Amino acid sequence: MNKISKIIAGSTLAVAMGITSLTVFAAAKYDNPWEALAGITGKSIEEIEEEHFEEGKMLYEIAEDEGKLEEFRNEVLEQKKDVIEERVKEGSLSRERADQILENIENGTGPCGGGVAGQNYGLGFGRGMGRGMMNGGFGGFGRNR
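What counts, and where the lines are drawn
- Residues numbered from 1 in each chain as written.
- Predicted model: local features only at pLDDT ≥ 70, side-chain atom pairs only at ≥ 80, totals over all residues.
- Heavy atoms only, no water.
- Patch = residues over 30% accessible without salt bridge, like charges linked within 9 Å, V, L, I, M, F, W, Y side chains within 5 Å.
- Areas by Shrake-Rupley, 256 points an atom, 1.4 Å probe, with all protein chains shown as cover.
- Salt bridge = Lys/Arg side-chain N within 4 Å of Asp/Glu carboxyl O.
- Lys, Arg positive; Asp, Glu negative; His and termini not counted.
- Charge placed at Lys NZ, Arg CZ, Asp CG, Glu CD.
- Helix = DSSP H or I, 4+ residues; strand = E, 2+ residues; numbered from the N terminus.
- Buried < 20%, exposed > 50% of the residue type's maximum accessible area, 1.4 Å probe, protein only.
- Arc of directions from axis to C-beta.
- Contact = heavy atoms within 4.5 Å.
- Core = buried A, V, L, I, M, F, W, Y, C linked by side-chain atoms within 4.5 Å.
- Axes fitted to C-alpha atoms, helices over the stretch in contact; angles between N-to-C directions.
- Parallel < 35°, antiparallel > 145°, perpendicular 65-115°, else oblique.
- Nonpolar A, V, L, I, M, F, W, Y, C, P; charged D, E, K, R; others polar.
- Polar contact = N/O pair within 3.5 Å; in protein donor to acceptor, adjacent residues only side chain to side chain.

A. Spatial organisation of a negative patch on the surface. Taken together, the side chains of Glu 46, Glu 47, Glu 50, Glu 54 and Glu 55 make up a negatively charged region of the molecular surface. Tracing the chain through its elements places Glu 54 in helix H3 (residues 45–54). We classify Glu 54 as exposed; its relative accessible area is 57%.

Structure below.
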């Protein structure tokens, strides 16, 4: 392999690694909003469940009380984006529809909204039943006891 080919191959590899690391960096840190709220606030999931189920607080209200609303909102939005991209990858959601949903998330409009869990409808994370995929929605962030 000549010198120019090695430089091109090395550059291509460096760019590919950079893109991959950016994708990983942007990915959600937690698997679901409950874990995110626990991690961000330092509370246990049991403490959050108590506030949610017994005191009637929504997850975003708990985050707001702790002064962590913006951090929580950003994490939940990353979770939504990750789920959308996974559904595109598995073929259950078209790229066109995914782009439309992502645009709605960025603009804070549409069935997924730009809000946080409990405030607007969002994507289900395997913790309860949402509204389903009817009418363009993806279910809520419910948590069954």
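B. Representation of H3 within the structure. Where H3 is concerned, the buried positions are Ile 48, Glu 49, Glu 51 and His 52. Projected down its long axis, H3 shows its buried positions confined to an angular sector of 165°, all on one face. Across from the buried face of H3, at angles greater than 90 degrees, the exposed residues are Glu 46 and Glu 54. For H3, the elements touching its buried residues are helix H2 (33–41) and helix H4 (59–65).

C. Structural detail: the nonpolar core. With 13 residues, the main nonpolar core has Leu 37, Ile 48, Leu 59, Ile 62, Ala 63 and Phe 72 as its most contacted residues. Every element with two or more residues in this core is listed here: H2, H4 and helix H5 (69–90). The leading source of residues in this core is H2, at five residues. Look past the residues within four positions of Ala 63 in its chain and what remains in contact with it is Leu 37, Lys 68, Leu 69 and Phe 72. Of all hydrophobic cores here, the second largest spans seven residues; its members include Leu 77, Leu 93, Leu 102 and Ile 105.

D. Broad picture of the packing of H5 against helix H6 (residues 95–107). Contact geometry for H5 and H6: axes closest at 10 Å, N-to-C directions at 175°. One way to sum up the angle between H5 and H6 is to call them roughly antiparallel. Within the contact between the two elements, H5 uses Leu 77, Lys 80, Lys 81, Ile 84, Glu 85 and Val 88 and H6 uses Arg 95, Ala 98, Ile 101, Leu 102, Ile 105 and Glu 106. Within the contact of H5 with H6, the residues separate by chemical class into seven nonpolar, no polar and five charged.

E. Inspection of the side chain of Lys 43 at higher detail. Counting through the fold element by element, Lys 43 comes out in the loop between H2 and H3. A relative accessible area of 18% means that Lys 43 is categorised as buried. A polar contact is formed between the side chain of Lys 43 and the side chain of Glu 51, at a distance of 2.3 Å. Excluding its chain neighbours within four sequence positions, the residues that come into contact with Lys 43 are Ala 38, Ile 48, Glu 51, Ile 62 and Glu 66.

F. Broad picture of the environment of Ile 62. Mapped onto the elements, Ile 62 comes out in helix H4. Residues Ile 62 and Leu 37, spaced 25 residues apart in sequence, show a C-alpha to C-alpha distance of 8.2 Å. Ignoring any residue separated from it by four or fewer positions in sequence, one finds Ile 62 in contact with Leu 37, Lys 43, Ile 48, Glu 51, His 52 and Lys 57.

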